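One-letter residues, chain by chain:
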Amino acid sequence: FSAAAAPFCSGLSAQRRRLARMFGGASSDAANDASDEGGEDEDEPELPPVQVVRAEFRSNRPVVVSEVPVYVGLQEKSGRFFEDRGICPHVRYCWSRGPLVKPCIFHPQNASQFRDVTKTFQFYCSRECFLRGWHSLPKEHWNPEPENPGGLQDEEKHEWVKVAETRTYCPTLQDIDRPLRLDIVPLMEDGSDAKVGRMFICTGTVMPTPNEARTRRMISNGGTHLSAEWLAKQFKVMDWNVLADLYTTESQYPYCEKWALSWSWRKHLIIKELKSMAADIITLQEVQKDAFEDWFRPELAEMGYEGVFQPKKREPIFHRGKYTSEGCATFYKTTRFRKLEKFVFDYDKISLDLLSVRPQDAEQCLKRASKGNVALALVLEDLTLQPLHGWQAVGPSGGHKLCVVNTHICADPRSTDVKTWQAHLLATSIEQNGLANTPLLVCGDFNSTPDSAVYEYLRQGAIRDDHPEIQQDPCGLLEYLKSGHSLRLNTAYEACSGEEAEHTNYTEEFKGTLDYIFFSSDSLAVLAVSQVDDAATLSKDVALPSSSRPSDHVSLVSTFMFREDCPPSAGQMSAALSPYGRGDYGGGAQLSTSPGANGGPGGADSQVFVPGAHIYEP
């Protein structure tokens, strides 16, 4: 290494010093500039109406066509501090484009810090990459050697080019691999530039917008009915916890590059994946209110979606200069569905109503149960298909009715009793609002694995007495669960492939399945589900989120159709009763007659769906 390092370091020493100044802290540079300029006059310089006291970029690496998020704090002569959002007349802005900083040959998302000037003439982001390139980079990837000894120095010459004089700026293709500089200059009363109180800040190099979303194979539930008539009957559902910007801290995700955690990068990846799946219904969790208004709703509106947002019942959080909240958002294609009704199931409010009947311990139970979680339910009407049978739910215009429920259940792993309680409130709310006879899609992040009490309760209608999670009931909350529910729910992935997705959440601390698409198995049939990457594929990114995967959760996609066969008869219902007092009628499958080891489907003696064995005829 030493033989290559000496000419390398000397060749780039001047450039690295300049880059150090470019990417240095704004406060020290601004202070030096102000000090130097103020020293020209012996007299104290006149103060402008405002001075810049703080400026920072919300994201270190800007992305093409995405506005650079910036905060600018000003101070008036009176001492009042305020944020300028572009309306203060006493300050001007100037954006400049800096020199080209090549990306690393091995990690294109990283700006280079080193260049080999004796052999490969390539750029590298770390010492490790430099050594790797020096020893093993194939010759076809080498850069040509400069024709004259001064070639490298010529490449290093640069100027900052003015690109805008506005408060905001969206990088263009010409900005890729170049830093941006924002100069914030206070103005005097006569409009001239002030000599004091100015500041400049620099970004990292600009990145291109992310590549198109990866294609995902759909796993069919069998059958070869691919006629246009059959295809017109299906509809696609997508569920995803998109990871709110509120929670993307470096301490929570230390393995993810800071720029890859930024919302300015992740939002492009998220919207590309949403658009690539072309679902008719999209249920999202951890959607920030500002992101819904500024990004999701307008972007998806261009694709023909309407959306409804419901925040969690929690105090707003001050984040990036403003108060915001996060919650559930449901979108639907307006060419396929129209909204009939909206319901909000506020778990805290329902708990207050139910637990107040036992005043002796209501306060303790309420304190433990109040987590701010909610469920958003939309009743939709299909605009293209009408029911064929009288027993099917029908809308005002004669189309199929469908209830889409979107929820995010308590995440605290120490509160399994609260999770089970919220699952109970969800099911009873659906029943008490007259939605049990409407085909159901219950989607969301349930923060519960397939062996949990939550999963068993929703799938089986009740929980077996010896389930380990109901043995943990510190305040007697689960004593209120006197009866189960009568909803006949299966999950899309279990019904289609015989098992849940291997992972829907993949971080350093937890790897497992927490997200599901439940559906009414007596009125809907699942046709296909999207393939979810296995651990070997996901581990290539260490964990999620990453530069190519914008959330710590994996999206689930499933295709459904309304059942066209008759519902099970009373005899079938009786024969299919599980040990918990309800039937398990498979989603487009055979009747299950025996529960699995955990009381769920898939036991050694259970009848499972065989691909191709449809009991409906489209």
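Residues numbered from 1 in each chain as written. Predicted model: local features only at pLDDT ≥ 70, side-chain atom pairs only at ≥ 80, totals over all residues. Heavy atoms only, no water.

Colleague: Kindly report on the overall build of the protein chain, identifying the contributing residues and their values.
Modeller: Regarding its fold elements, the protein chain presents 15 helices and 26 strands. Residue burial in the protein chain is summarised as follows: out of 618 residues, 54% are buried. Restricting the contact set of the protein chain to residue pairs at least 6 apart, pairs at least 24 apart contribute 74%. Total accessible area on the protein chain is roughly 27,800 Å²; 49% of this is exposed by carbon and sulfur atoms. (Helix = DSSP H or I, 4+ residues; strand = E, 2+ residues; numbered from the N terminus. Buried < 20%, exposed > 50% of the residue type's maximum accessible area, 1.4 Å probe, protein only. Contact = heavy atoms within 4.5 Å. Areas by Shrake-Rupley, 256 points an atom, 1.4 Å probe, with all protein chains shown as cover.)

Colleague: Now, about helix α3 (residues 127-136): what can you tell me, with residues and values included?
Modeller: Within the sequence span of α3, burial applies to Cys129, Phe130 and Gly133. The arc that holds the buried residues of α3, viewed along the axis, is 105 degrees, so those residues lie on one side. In α3, the exposed positions angled more than 90 degrees off the buried face are occupied by Glu128 and His135. (Arc of directions from axis to C-beta.)

Colleague: Any details on the sheet that holds strand β10 (residues 218-220)? Residues and values, ideally.
Modeller: One open sheet accounts for 7 strands, arranged β10-β25-β26-β11-β12-β16-β13; its pairing is mixed. The open sheet has two free edges, formed respectively by β10 and β13 (305-311), since each of these has just one partner strand. Across the sheet, the axes of successive neighbouring strands diverge by a mean angle of 25 degrees, strand direction being ignored. As paired elements, β13 and strand β16 (residues 326-333) share 7 bridges and run antiparallel to each other. Within β16, the residue paired with tyrosine 305 across the bridge is lysine 333. Along the sheet, helix α7 (residues 263-277) contacts β11 (235-241), β12 (281-288) and β26 (556-562); its crossing angle with β11, the most-contacted strand, is approximately 160 degrees. (Pairing = 2+ DSSP bridges. Axes fitted to C-alpha atoms, helices over the stretch in contact; angles between N-to-C directions.)

Colleague: Which residues make up empty space enclosed by the protein, and what are the values?
Modeller: Going through the model one piece at a time under the given rule, you end up with 1 cavity of 30 Å³ or more. In this structure, the largest cavity encloses a volume near 120 Å³. Here the lining of the largest cavity is built from residues that sort into 5 nonpolar, 5 polar and 5 charged. (1 Å grid on protein atoms, 1.4 Å probe; cavity = no way out; pocket = protein on both sides within 12 Å on 5 of 7 lines; lining within 4 Å. Points joined across faces, edges and corners; volume = space filled by probe spheres on them. Nonpolar A, V, L, I, M, F, W, Y, C, P; charged D, E, K, R; others polar.)

Colleague: Help me get a handle on the pairing of β16, residues and values and all.
Modeller: Most of β16 sits inside the fold, with 8 of its 8 residues counted as buried. One ladder, built from 6 bridges, connects β12 with β16; its direction is antiparallel. By the bridge assignment, valine 287 is partnered in β16 with glycine 327.

Colleague: An account of the sheet that holds strand β2 (residues 70-76) is needed here, citing residue identities and associated values.
Modeller: The 3 strands lie next to each other as β1-β2-β3, forming an open sheet whose pairing is antiparallel. Two strands in the sheet have a free side with no partner beyond their single neighbour: β1 (50-57) and β3 (81-83). Ignoring strand direction, the axes of neighbouring strands in this sheet form an average angle of 25 degrees. When β2 meets β3, the two strands line up antiparallel, connected through 3 bridges. Residue pairing across strands places glutamine 75 opposite phenylalanine 81, the latter belonging to β3.

Colleague: Go over the pattern of salt bridges, please, and point to the residues and values.
Modeller: Per the stated rule, a full pass over the model turns up 26 salt bridges. Among the salt bridges present, the one from arginine 459 reaches glutamate 494, with a minimum N-O distance of 3.8 Å. Placement of the pair is arginine 459 in helix α12 (residues 453-460) and glutamate 494 in helix α13 (residues 492-497), with a sequence separation of 35 residues. Neither arginine 459 nor glutamate 494 differs from the other in exposure class; each is buried. For the salt bridge of arginine 549 with aspartate 533, the shortest nitrogen-to-oxygen distance reads 2.8 Å. Taken together, the positions of arginine 549 in the loop between α14 (535-538) and β26 and aspartate 533 in the loop between β25 (524-530) and α14 put the pair 16 residues apart, joining distant regions of the chain. Beyond isolated ion pairs, a larger network of salt bridges with shared partners links Arg54, Glu56 and Arg58. (Salt bridge = Lys/Arg side-chain N within 4 Å of Asp/Glu carboxyl O.)

Colleague: How would you sum up helix α9 (residues 347-355)? Please name residues and give values.
Modeller: By the burial criterion, the buried members of α9 are Tyr347, Asp348, Ser351 and Leu355. Along the long axis of α9, the arc covered by the buried residues comes to 95 degrees, so they all point the same way. Between the side-chain oxygen of the N-cap and the backbone nitrogen of aspartate 348 there are 3.1 Å, and the N-cap of α9 in question is aspartate 346. (Polar contact = N/O pair within 3.5 Å; in protein donor to acceptor, adjacent residues only side chain to side chain.)

Colleague: Describe the packing of aromatic side chains, with residues and values.
Modeller: In the structure shown here, the tally under the stated rule is 19 aromatic pairs. A centroid spacing of 6.2 Å and a plane angle of 85 degrees characterise the contact between tyrosine 253 and tyrosine 255, whose relative ring orientation is edge-to-face. The two residues tyrosine 253 and tyrosine 255 agree in class, both being buried. The interplanar angle of 50 degrees and the centroid separation of 6.0 Å between the aromatic rings of tryptophan 263 and phenylalanine 296 together place this pair among those described as tilted. Residue tryptophan 263 is located in helix α7, and its partner phenylalanine 296 is located in helix α8 (residues 289-301); the two are separated by 33 residues in the primary sequence. What links up through ring pairs into an aromatic cluster is the set Phe235, Phe337, Phe519, Phe560 and Phe562. Sitting over the face of the ring of phenylalanine 200, arginine 181 holds its NZ or CZ atom 3.7 Å from the ring centroid. Lying over the aromatic face of tyrosine 506, lysine 511 brings its terminal NZ or CZ to 5.0 Å of the ring centre. (Phe/Tyr/Trp six-rings, centres within 6.5 Å; stacked < 30°, edge-to-face > 60°. Lys NZ or Arg CZ within 6 Å of the ring centre and 35° of its normal.)

Colleague: Run through the confidence of the model for the protein chain, naming residues and quoting values.
Modeller: Detailed reading of the predicted coordinates is not advisable wherever pLDDT is low. For the protein chain, mean pLDDT is 84; residues scoring 70 or higher make up 81% of the total. Note that pLDDT drops below 50 for residues 27-41; the model gives that stretch 10 contacts with residues more than four away or on any other chain. (pLDDT = per-residue confidence, 0-100.)

Colleague: I'd love a proper account of the environment of histidine 135, names of residues and values included.
Modeller: Residue placement: histidine 135 occurs in helix α3. Among the residues examined, histidine 135 registers a relative accessible area of 61% and is labelled exposed. In the structure, histidine 135 is positioned 15 residues away from threonine 120 in sequence and 9.7 Å away in space, judged by C-alpha atoms.

Colleague: Report on the packing of helix α11 (residues 416-432) against α12, specifying residues and quantitative values.
Modeller: Between α11 and α12, the least distance of the axes is 8 Å, while the angle of their chain directions is 20 degrees. Of the possible angle classes, the one that applies to α11 and α12 is roughly parallel. Along this stretch, α11 crosses α12, giving a crossing that reads as right-handed. Counting all contacts with α11, which are made through Lys419, Thr420, Ala423, His424 and Ala427, the residues of α12 involved are Ala453, Val454, Tyr457 and Leu458. Its residues placed into classes, the contact of α11 with α12 shows 6 nonpolar, 2 polar and 1 charged. (Parallel < 35°, antiparallel > 145°, perpendicular 65-115°, else oblique. Left-handed = near helix turned anticlockwise from the far one by under 90°.)

Colleague: I'd like to hear about the nonpolar core, residue by residue, with values.
Modeller: Generally speaking, a soluble globular protein has its nonpolar side chains buried in company with each other. The biggest cluster of nonpolar side chains holds 43 residues, and the ones touching the most others in it are Phe235, Ile281, Leu402, Leu441 and Phe560. The residues contacting leucine 441, other than those within four sequence positions of it, are Phe235, Val237, Ile281, Leu402, Cys403, Val404, Val405, Ile517, Phe518, Phe519, Leu524 and Phe560. Ranked by size, the runner-up nonpolar core spans 40 residues in total, among them Leu366, Ala375, Leu477 and Tyr516. (Core = buried A, V, L, I, M, F, W, Y, C linked by side-chain atoms within 4.5 Å.)

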